[in-house]
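# Coordinate analysis (summary)
Okay, here's what each chain looks like letter by letter:
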Amino acid sequence: MKALCCLSAADTERDVRVALRLRWPDAEVDRVEDAAGLMRVAGSADVVFLDDGVPGLQFVRDLRAAASCGIVVLSPDTSEEATLQALDAGADDYLALPLSPALLIARLGALLRRIAGTTGEGERIVRCGPLDVHLGRHEAFVNGNQLRLTPTEFNLLHHLALARGGTITASALQRLVWECDEPVYLETLRKYVQRLRKKLTQYPTRDLSIVAIRGVGYRLAYPQDTNRSA
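About the cut-offs
- Residues numbered from 1 in each chain as written.
- Predicted model: local features only at pLDDT ≥ 70, side-chain atom pairs only at ≥ 80, totals over all residues.
- Heavy atoms only, no water.
- Pairing = 2+ DSSP bridges.
- Helix = DSSP H or I, 4+ residues; strand = E, 2+ residues; numbered from the N terminus.
- Right-handed = clockwise from strand over helix to strand, strands pointing away.
- Disulfide = S-S within 2.5 Å.
- Axes fitted to C-alpha atoms, helices over the stretch in contact; angles between N-to-C directions.
- Parallel < 35°, antiparallel > 145°, perpendicular 65-115°, else oblique.
- Contact = heavy atoms within 4.5 Å.
- Nonpolar A, V, L, I, M, F, W, Y, C, P; charged D, E, K, R; others polar.
- 1 Å grid on protein atoms, 1.4 Å probe; cavity = no way out; pocket = protein on both sides within 12 Å on 5 of 7 lines; lining within 4 Å.
- Points joined across faces, edges and corners; volume = space filled by probe spheres on them.

With 4 bridges joining them, strand β4 (residues 70-75) and strand β5 (residues 93-96) adopt parallel strand pairing. Bridging from a neighbouring strand, L74 pairs with L95 of β5. Note on the crossover from β4 through helix α4 (residues 80-89) to β5: the handedness is right-handed.

What follows is the structure in structure tokens.
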């Protein structure tokens, strides 16, 4: 596992290094001095750690658009608004400072499982109408066109596809995607669904959509007669 730290506080970087090596002794943890340098090398990392010293949420958006690595924002601001803004900008997780090593290990483990597409189903492909979801390869295609998805977007789409057109409650999706019961993720889930809908419409088809079931949750709508798996 390779991690990049672009953190303004030396003690925060030290805590991240210690926590990662407690759980992953062979972890490669490199320091990057500034946002420009991080943008150049982020594609080589599994996860990137940022804090308030990196310029703003726009940088998170730019990094999310440029790289598929996991993005974890660390901040002393524990407010719900700050958490939602970071996640909506494209961060995969948001952790409060001072850092809890145990929480960092648990949340990063969940994130790495999403990135790796660890589903226990090998190279199985789930096909839902024009959508093909390659579970082991962490790839999704609409009519043969590959979607550019973040780890969290792929994980969300993967669970919707596995439901075979059935409705998954919002609280269940939150647990499946973030492995967490914190209510703050329910609003984040709604925003991720909106982003995923936009990406699905890059390759227009009338046969595929994510439907919100008011007061319940979401389902993937597609022609059921082409529902199959490989």
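It is worth spelling out the state of the cysteines at this point. Taken as a whole and judged by the stated rule, the model has 0 disulfides. The structure places no disulfide on C69, whose sulfur is separated from the nearest cysteine sulfur, that of C6, by 12 Å.

Where helix α3 (residues 56-66) meets α4, the axes come as close as 8 Å, and the angle between the chain directions of the two elements is 30°. Overall, the two elements α3 and α4 adopt an arrangement that is roughly parallel. Residues L57, V60, R61 and R64 of α3 form the contact with α4, whose participating residues are Q85, A86 and A89. Classifying every residue of the contact of α3 with α4 gives 4 nonpolar, 1 polar and 2 charged.

Before going further, it helps to spend a moment on the layout of surface pockets. In this structure, the largest pocket occupies an estimated 440 Å³ of space. R64, R148, L149, T150 and K199 are, among the 26 residues lining the largest pocket, the residues nearest its centre. Looking at the lining of the largest pocket, the elements that each hand over two or more residues are α3, α4, β8 (139-142), α6 (151-162) and α8 (184-200). Its volume calculated, the second largest pocket comes out at about 230 Å³.

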